[in-house]
There are 2 protein chains.
Amino acid sequence: MKEKEALCNAPIGVFDSGVGGLTVAREIMRQLPNERIVYFGDTARVPYGSKSHDTITRYSRQIVRFLQTQDVKAIVIACNSASACALEALEAETELPIIDVVRPGAKTALEATHNGKVGVIATEATIRSNIYKRYIEEHGSSINVIGKACPLFVPLVEEGLWEDPVTDEIAGRYLAELIDIDIDTLILGCTHYPLIRSTVGRIMGEKVTLVNPAYETARELKEVLQKKGLESDTKPELGTERYRFFVSDAADKFREFANSIIPYGILSAKAINIEDY
Amino acid sequence: MKEKEALCNAPIGVFDSGVGGLTVAREIMRQLPNERIVYFGDTARVPYGSKSHDTITRYSRQIVRFLQTQDVKAIVIACNSASACALEALEAETELPIIDVVRPGAKTALEATHNGKVGVIATEATIRSNIYKRYIEEHGSSINVIGKACPLFVPLVEEGLWEDPVTDEIAGRYLAELIDIDIDTLILGCTHYPLIRSTVGRIMGEKVTLVNPAYETARELKEVLQKKGLESDTKPELGTERYRFFVSDAADKFREFANSIIPYGILSAKAINIEDY
């Protein structure tokens, strides 16, 4: 009985290539306030989106090994590039429940589209993997999925240009072909993109539904924990034990950015050497 | 005698966080056509410019260990961020001659300025290190050095927007304060920046001298090799043995970008796991 309680009170492991996954962590905090979180951001090797399938998989494996040392009860891959490249390998290698950001987002888009034309904006790695296209087309054979890589969005977000004429101009170029094709649903397929949601929404127009996988991922996590009887039933005190943050580089910079995303002050972020795992 | 000949015919090891250092390799090919080159681009962990001093130093050490397995006779740190953070540590640990990009660039700026106001544009890591400022002020006490980090330049160059209104707009913002201060010399303190030299030159105006450390670095390398009697005296045949390229990720993408910079076709780029060194 005590063992079961300890397991239920164990934290959720959440990881991303850097700060983007904090938009997913924020949703988990909102929707599952009883849960503890151990977050890892791979700030020493960020970004993943421009890197190869094999490298992203190798990095993700190291992170899962690190999270297992923190006795997590489930793992959330809060990074589209890592979900696209590493999910299958990670599921084959660990017995922990793994929730990724791609499947929940794809499912929602499938339900949202009326005209059967769904757009995906994401990093090069995610687009190249064709992962959204494969999931959606598996479940809705008449659905047409059009992917568009947007490599400058992450640096623009990280430079703080969330609302800026330059971001408008770049977004206008990236999104032009999706507008031409007349999509009615657009997946924000990178965890940084919710931060420029209003820019993307303005350019796409009101008739296009924007899907933020962060929201659906937190909902999916809730369902999985319920089904496996792993929910925490006591709300932990706010403090370092409730939400813990680890990074592979420059904890100060991470904390600064994190504080602009997460509604609770990030008390500490600890730097570790991820290559040791 | 044979040993000496073998040493002189050994390659120069050149490294960078990714593709930017190819602008330095290109200058070495031009100015020292007899020399062989082994180039390493850390494409799995690029960029360095946003990362911490310790992480950049750790990565640079691994790369030097790799280059030593290739029996290089000298090492060129073709990356400002790595020069700024790791040079001292590397010089203390290896007996090979090490040429960095910062000192040659600083020396040229010192000679070029008339009004004693020198600007440096570079990554966050390089600006934070204050390395150009320290070198220049050590040698010319009345010189005022003003640094400006330009985090979006690297992603803009890598997206291919070398000549583009967006690059003009961003450059205009970054450079405004340097124009206000009335600098007469500007160091392009990141190996990517020579690729947007014409944009920067247009915005700064004709009266400002742009210093490209790549040129000075190749000249410095030539001097060091001469002084140590390490020059190669036979021109090697063009082919894979003359210029060899290694990367830590996605060799295809590297080759494509490299071919837009280097006047010789990059025949092969081999991916290795740099974390093993």
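Above this note sits the structure.
These numbers were taken from a predicted model, which means no experiment stands behind them. (Residues numbered from 1 in each chain as written. Chains lettered and ligands numbered in written order. Predicted model: local features only at pLDDT ≥ 70, side-chain atom pairs only at ≥ 80, totals over all residues. Heavy atoms only, no water.)

Things to note about the overall build of chain A
In step 1: Broken down by element type, chain A carries twelve helices and ten strands.
In step 2: Taking 19 Å as the expected radius of gyration for a compact globule of 277 residues, we find that chain A reaches 18 Å, a close match to that expectation.
In step 3: With the C-alpha coordinates of chain A rotated into their principal frame, the extents come out at 55 × 40 × 35 Å.
In step 4: The 277 residues of chain A split such that 60% are buried.
In step 5: For chain A, long-range pairs separated by at least 24 residues make up 78% of all intrachain contacts whose partners lie at least 6 apart in sequence.
In step 6: Approximately 11400 Å² of chain A is accessible, and the part contributed by carbon and sulfur atoms is 48%.
In step 7: In chain A, 32 side chains carry a positive charge and 40 a negative one; their mean positions are 2 Å apart. (Helix = DSSP H or I, 4+ residues; strand = E, 2+ residues; numbered from the N terminus. Rg over C-alpha atoms; globule rule 2.2 N^0.38 Å. Buried < 20%, exposed > 50% of the residue type's maximum accessible area, 1.4 Å probe, protein only. Contact = heavy atoms within 4.5 Å. Areas by Shrake-Rupley, 256 points an atom, 1.4 Å probe, with all protein chains shown as cover. Lys, Arg positive; Asp, Glu negative; His and termini not counted. Charge placed at Lys NZ, Arg CZ, Asp CG, Glu CD.)

Regarding the nonpolar core
In step 1: One finds Ile121(A), Leu186(A), Ile121(B) and Leu186(B) to be the most contacted residues of the largest nonpolar core, which totals 118 residues.
In step 2: Filtering out sequence-adjacent residues up to four positions away, Ile121(B) remains in contact with Lys148(B), Cys150(B), Phe153(B), Leu175(B), Leu178(B), Leu186(B), Ile187(B), Leu188(B), Gly189(B), Cys190(B), Tyr193(B) and Val200(B). (Core = buried A, V, L, I, M, F, W, Y, C linked by side-chain atoms within 4.5 Å.)

Examining the interface of chain A and chain B
In step 1: Each partner contributes residues to the interface: chain A has 32 residues there, and chain B has 32 residues.
In step 2: Carbon and sulfur atoms make up 45% of the surface buried where chain A meets chain B, a total of about 2300 Å² over both sides.
In step 3: Counting every contact that joins chain A to chain B gives six salt bridges.
In step 4: With its nearest N and O atoms 3.6 Å apart, the salt bridge here joins Lys253(A) to Glu124(B).
In step 5: Run the count over chain A and chain B and you get 20 residue pairs in polar contact (both at pLDDT 80 or more).
In step 6: With six residues, helix 9 (residues 165-181) of chain A is the largest single contributor of residues to the side of chain A that touches chain B.
In step 7: Each residue belonging to the side of chain A that touches chain B can be placed in one class, and the counts come to 14 nonpolar, seven polar and eleven charged. (Buried area = accessible area lost by both parts, 1.4 Å probe. Salt bridge = Lys/Arg side-chain N within 4 Å of Asp/Glu carboxyl O. Polar contact = N/O pair within 3.5 Å; in protein donor to acceptor, adjacent residues only side chain to side chain. Nonpolar A, V, L, I, M, F, W, Y, C, P; charged D, E, K, R; others polar.)

Remarks on the packing of helix 5 (residues 102-112) of chain B against helix 7 (residues 131-139) of chain B
Residues and elements named next belong to chain B.
In step 1: At a minimum axis separation of 9 Å, helix 5 and helix 7 run at an interaxial angle of 50 degrees. The angle between helix 5 and helix 7 places the two elements in the oblique class. Note on packing geometry: the crossing formed by helix 5 with helix 7 is right-handed. Where helix 5 approaches helix 7, its residues Val102, Arg103, Gly105, Ala106, Ala109 and Leu110 are matched on the opposing element by Ile131, Tyr132, Tyr135, Ile136 and His139.
In step 2: In the contact of helix 5 with helix 7, the residues fall into eight nonpolar, two polar and one charged. (Axes fitted to C-alpha atoms, helices over the stretch in contact; angles between N-to-C directions. Parallel < 35°, antiparallel > 145°, perpendicular 65-115°, else oblique. Left-handed = near helix turned anticlockwise from the far one by under 90°.)

Points about helix 9 of chain A
In step 1: Here helix 9 of chain A spans 24 Å end to end across 17 residues, near enough to the 24 Å set by a 1.5 Å rise per residue.
In step 2: The largest bend in helix 9 of chain A is about 45 degrees, located at Leu175(A).
In step 3: Where helix 9 of chain A is concerned, the buried positions are Val166(A), Thr167(A), Ile170(A), Ala171(A), Tyr174(A), Leu175(A) and Leu178(A).
In step 4: Where the residues of helix 9 of chain A are buried, they touch strand 5 (117-122), strand 6 (144-149), helix 8 (153-158), strand 7 (185-188) and helix 10 (197-204) of chain A together with helix 9 (165-181) of chain B.
In step 5: Its side-chain oxygen placed 2.8 Å from the backbone nitrogen of Val166(A), Asp164(A) serves as the N-cap of helix 9 of chain A.
In step 6: Residue Asp182(A) follows helix 9 of chain A closely and has a positive phi angle near 70 degrees. (Expected span 1.5 Å × (residues − 1). Bend = angle between axes of the 7 residues up to and from the residue.)

What to know about the sheet that holds strand 9 (residues 243-247) of chain B
Residues and elements named next belong to chain B.
In step 1: Spatial ordering of the open sheet is given by 4-3-1-2-9-10, a layout of six strands whose pairing is parallel. Of all the strands in the sheet, just strand 4 (98-100) and strand 10 (269-271) have a single pairing partner and so form its edges. Between one strand axis and the next, the sheet turns through 20 degrees on average, direction left out of account.
In step 2: As defined by bridge partners, strand 1 (residues 12-16) adjoins strand 2 (residues 37-41) across five bridges and the pair is classed as parallel. Directly across from Asp16, in strand 2, lies its bridge partner Gly41.
In step 3: Relative to strand 2, helix 2 (residues 22-31) is tilted by about 170 degrees, and along the sheet it contacts strand 1, strand 2, strand 3 (74-77) and strand 9. (Pairing = 2+ DSSP bridges.)

Overview of the relation of the copies chain A and chain B
One copy of the chain maps onto the second through a rotation about an axis and a displacement along it.
In step 1: In the superposition of chain A on chain B (RMSD 0.0 Å, axial shift 0.0 Å), the rotation amounts to 180 degrees. With respect to symmetry, the two chain copies, as superposed, fit the operation of a two-fold axis. If distances are taken from each C-alpha of chain A to the rotation axis, the shortest is found for Arg45(A), at 2.3 Å.
In step 2: A shared binding surface is used by both copies, with 100% of the interface residues of chain A retained as interface residues in chain B. (Least-squares fit on C-alpha atoms with pLDDT ≥ 70 in both.)

Some points on the side chain of Glu35(A)
Residue and element names in this part refer to chain A.
In step 1: Tracing the backbone through its elements, the reader meets Glu35 in the loop between helix 2 (22-31) and strand 2 (37-41).
In step 2: At 2.9 Å, the side chain of Glu35 and the backbone nitrogen of Ser232 are in polar contact.
In step 3: Those residues in contact with Glu35, other than ones at most four positions away along the chain, are Cys8, Ala10, Ile12, Lys73, Leu225, Leu230, Glu231, Ser232 and Tyr243.

A closer look at the pairing of strand 5 (residues 117-122) of chain B
All names here are of chain B.
In step 1: Counting buried positions along strand 5 yields five of six residues, so the element is predominantly enclosed.
In step 2: The pairing of strand 5 with strand 6 (residues 144-149) spans six bridges and is classified as parallel. Along strand 6, the bridge assignment pairs Val118 with Val145.
In step 3: Bridge analysis of strand 5 against strand 7 (residues 185-188) gives four bridges, and the strand direction is parallel. Bridge pairing in strand 7 places Val118 opposite Thr185.

A look at unusual backbone geometry
In step 1: Each neighbour pair has its own omega, and for Val46(A) with Pro47(A) the value is -5 degrees, a cis peptide bond.
In step 2: Residue position: Pro47(A) is located in the loop between strand 2 and helix 3 (53-69).
In step 3: Phi at Asp182(A) takes a positive value of approximately 70 degrees, unusual for a residue other than glycine.
In step 4: Tracing the chain through its elements places Asp182(A) in the loop between helix 9 and strand 7.
In step 5: At Ala250(B), a residue that is not glycine, the phi angle is positive and equals roughly 45 degrees.

Everything listed is a geometric property; what it means functionally is a separate question.
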